[in-house]
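# Residue-level structural notes
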Amino acid sequence: MVDCLFCKIVKKEIPSYKVYEDKEFIAFLDIGPVNKGHTLVMPKNHSETFLDMNERELGKIMHFIQKVARAVVQGTKADGFNLMLNNKRAAGQLVDHAHFHIIPRFHSDGFKHWPQGKYQGNEAQQIADEIKRFL
Ligand code: AMP
Ligand code: ZN
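So, here is what we can say about the structure in this document. Within each chain, residues carry numbers counting from 1 in the order of the written sequence. A letter from A marks each chain and a number from 1 marks each ligand, given out in the order of writing. Totals for whole chains, interfaces and linings use all residues, but because this is a predicted model, local features are given only for residues with pLDDT of at least 70 and pairs of side-chain atoms are given and counted only at 80 or more. Working from all heavy atoms in the structure, the side-chain values ignore hydrogens and water.

### A word on the packing of aromatic side chains
Aromatic ring pairs are defined here through the distance separating the ring centres and the angle between the ring planes. Aromatic rings from Phe, Tyr and Trp, taking only the six-membered ring of Trp, are treated as a pair when their centres fall within 6.5 Å; an angle between ring planes under 30 degrees marks them as stacked, one over 60 as edge-to-face, and anything in between as tilted. Tallied over the full model, the rule gives 4 aromatic pairs. Plain terms: the ring middles of Phe25 and Phe64 are 5.5 Å apart, the flat faces sit at 55° to each other, and that makes the pair tilted. Of this pair, Phe25 sits in strand β2 (residues 25-29) while Phe64 sits in helix α2 (residues 55-76), and the two are 39 residues apart along the sequence. Per residue, the accessibility class of Phe25 equals that of Phe64, and both read buried. Numbering of helices and strands starts at the N terminus; helices are DSSP runs of H or I of at least 4 residues and strands are runs of E of at least 2. Using a 1.4 Å probe on the protein chains alone, a residue whose accessible area is under 20% of its type maximum counts as buried, one over 50% counts as exposed, and one in between counts as partly exposed.

So this is what it looks like as structure tokens:
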């Protein structure tokens, strides 16, 4: 993709702090880290969103992420990490080249998780049924 920022990182047309790569995937530091060591992992092949990634890549990328996540935790002495993927604008995706975030977490970082809601009546069953129709 000509104008894709992350394809340009893959092609080394713009610089990045790469931590690891193989033939198909690359891991590099997020330039605006939630915590230092925040790392992005993505397929080198351009897919706009997670849902556009092909099955073969999907089958492999989790192994790559696990390897990088271990190193991020060790390299940052993190107490844990979040693995995250923003899919489309409504979910906060800003760069349209599918990528996972590995965010090192520390007991002391003070970040809270999203607020959780509650289902009323038979709402949960209704929503589960709606989802099941497509599976
Ligand atoms: P998302 O909101 O999931 O699309 O994430 C995009 C991420 O890319 C953000 O966290 C940005 O800080 C990060 N980012 C943007 N430009 C660069 C860049 N040139 N190098 C590394 N990370 C970047
Ligand atoms: Zn791309």
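### Re the coordination of the zinc ion (ligand 2)
Here a donor is any nitrogen, oxygen or sulfur atom (N, O, S) within 2.8 Å of the metal, with 3.2 Å used for Na, K and Ca; water is not among the atoms considered, so some sites may look incomplete. Protein coordination at the zinc ion (ligand 2) comes from Cys4 (SG), Cys7 (SG), His46 (ND1) and His97 (ND1), with a distance range of 2.0 to 2.3 Å. In short, tetrahedral needs four donors with all angles between 85 and 135 degrees, square planar needs four and octahedral six donors with opposite donors over 155 degrees apart and all other angles between 65 and 115, and whatever is left is irregular. Each of the 4 donor atoms around the zinc ion (ligand 2) contributes to a set of angles spanning 106 to 116°, which defines the coordination as tetrahedral. Mapped onto the polypeptide sequence, the residues donating to the zinc ion (ligand 2) form the spacing pattern C-x2-C-x38-H-x50-H. Of this pair, Cys7 sits in helix α1 (residues 5-10) while His97 sits in the loop between β4 (80-84) and β5 (100-105), and the two are 90 residues apart along the sequence. One exposure class covers both Cys7 and His97, and it is buried.

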